[in-house]
Amino acid sequence: MNNILVLPMILPVLVGVILVFLRPYIRVQRVLSVLTTMASAAVAAYCLHHIHLNGIMRLDFGDWLPPHGILFVGDSFAMLLVLVACAVSSIILLYAFATTGIETETMFFYPFILFLVAGVNGSFLTGDLFNLFVCFEVMLLASYVLLTLGGRKTQLKEGITYVLINVLASWFFLLGIAYIYGVLGTLNMAHIAVRVAETGQGPLLTLIAIIFLIVFSLKAGLLLYFWLPGSYSAPPTAVAALFGALLTKVGIYALYRMFTLIFIHDPVIYKIIGVLAIVTMVAGCLGAIAYSDIRQIVSYNVIISVGFVLTGLAIATNIAFQGASYYLIHDMISKALLFLLAGTVVYLTGRSKFNEISGLIRNYPLVGWLFFLTMLAIAGIPPFSGFIGKVYIGLGAIETGSYVLLAVSFLSSIGVLYSLLRVFLNSFWGETIISEDDQKPFQKKIGLPLVLLAVLIVGLGIGAELLSPYIQDAADTLADPKQYIRAVIGDDLE
Amino acid sequence: MTKIVFFIILTFGVELFISGHNNPGGGFIGGLVLSSAFVLLYLVYDIETVHRGTPFDFKRVAALGVLLAVGTGMLSILFGESFLSQTTWLVDLPVFGETELGTMTIFEAGVALTVLGVVVTIILGISEDVE
């Protein structure tokens, strides 16, 4: 019994509900919400170490033993993502305090952010397929509200696309769950894995696997990303950063869980994922280079990284999983920072096209250099955080002889570098367009969260060694699904 | 006439709620039936009249419900049991005789209040005129 496992999900829910009653007291809401995400991060860090020492943790709700009850399973892969998600959302909350207007804040802004975090954490931790659906919905409902809160025209326009796409995807998700329950008679993920191994992954199960592939590709933005750039550039900066950092990662996590635990017997699926990843990276690069709106460029960068992380799944070796774990963590932090920086630039200049802005580094040196640092990190230049993930995924690709994947994924880094360098050279270099009198003051409270995220990026790059035992655990569990299955239903069902 | 129907629906909702968890019924459909009673009131009288009679914010009712439901889960943690563990006692009550009292009922009450609050909030949200 590990009740602590439920805290990263239930703390945000509980505090979020309490905040509903504290609607007029914005200061209390701010303090409580950031304390909650920080506490969840602390719990996740404790659990991570506990898993390293004692193996995978499991919590059966109400003592209903698996495969009958629903349960949370904490393995290192999930717990690392919970930890980073909570840490990043704490920092994004700091940015939200400084930039969100009081009018939005009183419209239950912080409760919905907490519900979003709860849904994300629940999705990472659950060990039950239907529960995964429920946590997805918690996360999505909160994101619908956050996307449209404020009610500007673009928000509503993009909101409709976003809601429709996600309702459709959820419907397919439910369909997949129904099929799998009809075929295998269980929804516990470990139990499903056992039964799939017993009956063999025939055509029917492969079809179901492809339904799940479509569903989670829609959520993660793998190939089916057409909804993403619009809806991620519409909401206020803090919300966009939260979306960019967390939401696609949940889809990626679900893909990893599905295709490292359950549907692992048909190598064709990994080929399909590889092809999807390649197309995603190429199309993402084209998008990032084609647009001149900074927010669009940043959104397309999310898509490129989705493709990149999933090359790790297509390669599916231990070392590639290590790389993917590192890269996912790096990506959550650096995408949050990139979105915040893009939003800050748009806020400071009042313009969103990079060729209309020039010489910003004279006015706001901090923003300029942070942008430069983020660009290097995302492109994978050492000693920043993107480097080690790229190296490990590259090693995995060489190991299995997947040279096409290797070539495309490293060329995509150049695409990333080019798209961001173009923004940097145009907007930050050159003659300044803002005279010192017109310059909007750059508040320290906006600078603080940016600096904190940058510290994390550098820290993850230099301190990768410290994380490596946990990353190793995560990759081991992904590479050997028996560990997960044994932790959930024991040896007797194997 | 509406008042009579209103109380019939309310009684039915409570009956559904109480019979739940061992028999067909429970917090969710109990809450749905209760909210249908309120929707009937809103249809028959106008919104202001009903608000005068029920001076609470249904958004808060929903929040209270979630708080109750999650709270029972958290209580089981405080007692050192697994999250969401429930327990029951058999108690001799003066009128009802031997009755089963369970923490499940509190959880279900939370569910019922949540459903009630959410449904009424949605219906009121739709009915509001948007300029």
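Residues numbered from 1 in each chain as written. Chains lettered and ligands numbered in written order. Predicted model: local features only at pLDDT ≥ 70, side-chain atom pairs only at ≥ 80, totals over all residues.

A few words now on the overall build of chain B. Looking only at helices and strands, one finds five helices and two strands in chain B. Traced from its N-terminal end to its C-terminal end, chain B shows the element sequence α-α-α-α-β-β-α. For chain B, the spread of C-alpha atoms along the three principal axes comes to 55 × 35 × 25 Å. Of all 131 residues assigned to chain B, the portion counted as buried reaches 31%. (Helix = DSSP H or I, 4+ residues; strand = E, 2+ residues; numbered from the N terminus. Buried ≥ 20, exposed ≤ 12 C-beta atoms within 10 Å, placed from the backbone.)

Scanning chain A for helices and strands turns up 21 helices and two strands. Compactness check: chain A gives a C-alpha radius of gyration of 22 Å against a globular reference of 23 Å for 494 residues, within 12% of the reference. Principal-axis analysis of the C-alpha atoms places the extent of chain A at approximately 75 × 55 × 40 Å. Burial status across chain A gives 59% buried among its 494 residues. Considering only residue pairs separated by 6 or more positions, chain A has 81% of its internal contacts joining residues 24 or more positions apart. (Rg over C-alpha atoms; globule rule 2.2 N^0.38 Å. Contact = placed C-beta atoms within 7 Å.)

Let us look at the pairing of strand β2 (residues 97–102) of chain B. All names here are of chain B. Counted residue by residue, β2 has zero buried out of six residues, so it is predominantly exposed. Two strands pair when backbone bridges link them, and strand β1 (residues 88–93) and β2 are joined in this way by six bridges, in the antiparallel orientation. Bridge pairing links Val91 to Thr99 in β2. Connecting the antiparallel pair β1 and β2 is a turn made up of three residues. (Pairing = 2+ DSSP bridges.)

Each partner contributes residues to the interface: chain A has 14 residues there, and chain B has 14 residues. Every element with two or more residues in the side of chain A that touches chain B is listed here: α1 (7–21) and β1 (57–60) of chain A. Tallying contributions element by element places α1(A) first for the side of chain A that touches chain B, with six residues. Residues that form the side of chain A that touches chain B fall into these classes: ten nonpolar, two polar and two charged. (Nonpolar A, V, L, I, M, F, W, Y, C, P; charged D, E, K, R; others polar.)

The subject of this paragraph is the nonpolar core. One recurring pattern in soluble globular proteins: nonpolar side chains tend to sit buried together. Residue and element names in this part refer to chain A. Core analysis: the biggest nonpolar cluster contains 219 residues, and Ile333 and Ala336 have the highest contact counts within it. Here this core gets 19 residues from one element, more than from any other, and that element is helix α11 (residues 237–262). Formed jointly, this core draws a minimum of three residues from each of two domains, domain 1 (1–264) and domain 2 (266–462). The residues contacting Ala336, other than those within four sequence positions of it, are Val88, Ile92, Ala241, Gly244, Ala245 and Leu453. (Core = buried A, V, L, I, M, F, W, Y, C linked by C-beta atoms within 7 Å. Domains from an automatic or database assignment.)

Quick look at the packing of helix α9 (residues 203–220) of chain A against α11(A) now. Residue and element names in this part refer to chain A. Contact geometry for α9 and α11: axes closest at 7 Å, N-to-C directions at 155 degrees. With respect to α11, the axis of α9 lies roughly antiparallel. When you trace α9 past α11, the crossing you get is left-handed. Where α9 abuts α11, its residues Phe212, Phe216, Lys219 and Ala220 lie against Thr248, Val250, Gly251, Ile252, Ala254, Leu255 and Met258. (Axes fitted to C-alpha atoms, helices over the stretch in contact; angles between N-to-C directions. Parallel < 35°, antiparallel > 145°, perpendicular 65-115°, else oblique. Left-handed = near helix turned anticlockwise from the far one by under 90°.)

Bringing α11(A) into the picture now. All names here are of chain A. Compared with an ideal rise of 1.5 Å per residue, which puts 26 residues at 38 Å, α11 spans 37 Å between its outermost C-alpha atoms and is within 8% of the ideal. The largest bend in α11 comes to about 30 degrees, at Phe243. Most of α11 is tucked away, with 26 of its 26 residues classed as buried. (Expected span 1.5 Å × (residues − 1). Bend = angle between axes of the 7 residues up to and from the residue.)

Let us look at the packing of helix α4 (residues 58–78) of chain B against helix α5 (residues 103–127) of chain B. All names here are of chain B. One can describe the packing of α4 onto α5 by two numbers: an axis separation of 7 Å at closest approach and a directional angle of 155 degrees. When the interaxial angle is binned, α4 and α5 end up roughly antiparallel. Pair α4 / α5 crosses with left-handed handedness. Considered class by class, the residues forming the contact of α4 with α5 number 16 nonpolar, seven polar and one charged.

Taking 1.5 Å of rise per residue, the 15 residues of α1(A) would be expected to cover 21 Å, and the 21 Å separating its terminal C-alpha atoms lies within 8% of that figure. With 13 of 15 residues buried, α1(A) lies mostly within the body of the structure.

This brings us to the domain arrangement of chain A. All names here are of chain A. Along its sequence, chain A is organised into domain 1 (1–264) and domain 2 (266–462). One C-alpha centre belongs to domain 1, the other to domain 2, and the line joining them spans 23 Å. Domain 1 puts 39 residues into the contact, and the matching count from domain 2 is 38 residues. Counting only elements with at least two residues in the side of domain 1 that touches domain 2, the list comes to α3 (76–99), α9, α10 (228–233) and α11. Class assignment for the residues of the side of domain 1 that touches domain 2 results in 29 nonpolar, nine polar and one charged.

Glycine aside, residues mostly have negative phi angles, and peptide bonds mostly take the trans form. Residue and element names in this part refer to chain A. Along the chain, Pro66 connects to Pro67 via a cis peptide bond; the corresponding omega equals 5 degrees. Pro382 connects to Pro383 through a cis peptide bond whose omega is 5 degrees. Within the secondary structure layout, Pro383 lies in the loop between α16 (365–379) and α17 (386–400). Positioned with a positive phi, Asp63 is a non-glycine residue whose angle comes to about 60 degrees. At Ala316, a residue that is not glycine, the phi angle is positive and equals roughly 55 degrees. Mapped onto the elements of the fold, Ala316 is located in the loop between α13 (294–315) and α14 (318–349).

The next thing to look at is the pairing of strand β2 (residues 71–74) of chain A. Taken residue by residue, a regular strand's side chains alternate between the two faces of the sheet. All names here are of chain A. The two faces of β2 match: Leu71 and Val73 on one face and Phe72 and Gly74 on the other face are all buried. Where β1 and β2 come together, four bridges link them in antiparallel fashion. By the bridge assignment for β2, Met57 is matched with Gly74.

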